[in-house]
Amino acid sequence: MTTPRLSIPLIATLVGAAGALAAAAAARRWLDAAEVRGRSMAPTLLPGDRLIVESATFQRRQPRAGELVLAPDPREPQRELVKRVVAIDAEEGALHLRGDAPGASTDSRAFGALPVAAVRWRVLARYWPPARAGLLP
Amino acid sequence: MSLITRLLRPHRIVDAHCDIPCGIYDPEQARIEAESCLRIIEKHDASDDKLFRARCIHVKEERAELVKHHLDVLWHDYFKPEHLDQFPALHETFWNATKQASKVKQTLDVAAAKELLAMIDTIDEMWKGTGGPGKTRVSGRPS
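Cut-off values and rules
Position labels on residues start from 1 in each chain and follow its written sequence. Ligands are numbered from 1 and chains lettered from A, in the order in which they are written. Reporting in this predicted model follows two pLDDT cut-offs: at least 70 for local features of residues, and 80 or more for side-chain atom pairs to be given and counted; totals over whole chains, interfaces and linings ignore these cut-offs and use all residues. Numbering of helices and strands runs from the N terminus, with a helix taken as a DSSP run of H or I at least four residues long and a strand as a DSSP run of E at least two residues long. Whether a residue is buried, exposed or partly exposed is read from the other C-beta atoms within 10 Å of its own C-beta, which are placed from the backbone; 20 or more gives buried, 12 or fewer gives exposed, and intermediate counts give partly exposed. Known as pLDDT, the predictor's confidence for each residue is given on a scale from 0 to 100. Pairing between strands requires that DSSP locate at least two bridges from one strand to the other. Think of it this way: build a C-beta for each residue from its backbone, and any pair within 7 Å is a contact. By this rule, a helix spans an expected 1.5 Å times one less than how many residues it contains.

Can you tell me about the overall build of chain A, naming the residues and giving the values?
Regarding its fold elements, chain A presents 3 helices and 8 strands. Within chain A, the proportion of its 137 residues that are buried is 24%.

If you had to explain the confidence of the model for chain B to someone new, which residues and values would you point to?
Of all residues in chain B, 92% have pLDDT values of 70 or greater, and the mean over the chain is 90. Taken together, the chains of this predicted complex give a pTM of 0.51 and an interface ipTM of 0.77.

Could you give me a rundown of the pairing of strand β2 (residues 50-54) of chain A, with the residues and numbers involved?
Residues and elements named next belong to chain A. Side chains Leu51 and Val53 of β2 all project onto a buried face; the interleaved residues Arg50, Ile52 and Glu54 project onto a face where none is buried. Bridging between strand β1 (residues 31-37) and β2 involves 5 bridges; their strand directions are antiparallel. Residue Leu31 lies in a different strand from β2, and its bridge partner there is Glu54. In the sheet, β2 pairs with strand β7 (residues 121-128) via 5 bridges, with the strands oriented antiparallel. Across the sheet, Ile52 pairs through a bridge with Ala125, a residue of β7.

Report on the interface of chain A and chain B, specifying residues and quantitative values.
In this complex, chain A contributes 25 residues to the contact, which on the side of chain B involves 15 residues. Top element by residues in the side of chain A that touches chain B is β1(A). It accounts for 6 residues. Of the strand pairs in this sheet, β1(A) and strand β1 (residues 12-15) of chain B are connected by 4 bridges, and their pairing is parallel. Bridge pairing in β1(B) links A:Val36 to B:Val14.

So what's going on with helix α3 (residues 50-78) of chain B? Residues and values would help.
Residue and element names in this part refer to chain B. A rise of 1.5 Å per residue sets the reference length of α3, with its 29 residues, at 42 Å; its end C-alpha atoms lie 41 Å apart and thus fit the reference within 8%. The set of residues buried in α3 consists of Cys56, Lys60, Arg63, Ala64, Val67, His70, Leu71, Leu74 and Tyr78. Looking at the packing, one finds that the buried side of α3 touches α2 (28-46), α5 (90-106), α6 (110-129) and α7 (132-136).

Quick rundown of α2(B)? Include the residues and the values.
Across its 19 residues, α2(B) extends 27 Å between first and last C-alpha, which sits within 8% of the 27 Å expected from 1.5 Å per residue. Contacts made by the buried residues of α2(B) are with α3, α5 and α6 of chain B.

For unusual backbone geometry, give the residues involved together with the corresponding values.
For residues that are not glycine, phi is negative in most cases, and the peptide bond is trans in most cases. Residues and elements named next belong to chain A. In this model, Ala42 is joined to Pro43 through a cis peptide bond whose omega is 0°. Looking at the secondary structure, you find Pro43 in the loop between β1 and β2. The omega torsion of the bond from Leu136 to Pro137 falls at 0°, within 30 degrees of zero and hence cis. Looking at the secondary structure, you find Pro137 in the segment after β8 (134-135).

Quick rundown of the environment of B:Thr107? Include the residues and the values.
Relative to the helices and strands, B:Thr107 is located in the loop between α5 and α6. Placed 66 residues apart in sequence, B:Thr107 and B:Ile41 show a C-alpha to C-alpha distance of 9.1 Å.

See below:
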């Protein structure tokens, strides 16, 4: 007797969960989570920090100096870098990236400027660790 | 708890990457190996012992190879494109110095070994001129 009463909320929960997963998968084109590896962005970003990144902004406008961005390593494109934009050459369409720890960073000083089109993701916020969670940069 | 942690863990890894985390450079490293080459050539020339002379040649070739290696590391990793503005002859200087190290590896020419030292000293000036001692060595070593 109790089974039918329980199964309706159960089905609703399952459908809801499936819907949430589908929505999350769709949203991943604009919004994603990423974990930081390496120390070249210290003290701003530390290894193990988890970030919310979004790709909507750079569809509307070009990156600006001071923003934190994700970019493919030009020497090893399957590796995704997180760096700060230090300068943008609007005429050339070239971005210069730098680590916040310049003494311990491989960046545009080593591999040169990147085409603006290569940079699609912007760092929006940090959600982990909770003590340092908040909007970035 | 571990399941929740795993679910929260992003699959996407972004690299705050650095090729050379240590960032320690000094042409002194190449110079010490080059000084070894010079001294070994002098010892070789002063000896009549066939075996000792053979050992000299062998060790000198190893040391000369290390000179090339240390110069290459400075060239690839320490010097940056902006240093070229300050020292336009940078590439040529390194090319000539590494070629000179090859010459020291191949020959028993004292003059060639001395010339190599002079070339490393030119690179040392570039390293000092670009702030190398302050940026790429750990301070506090007794002088």
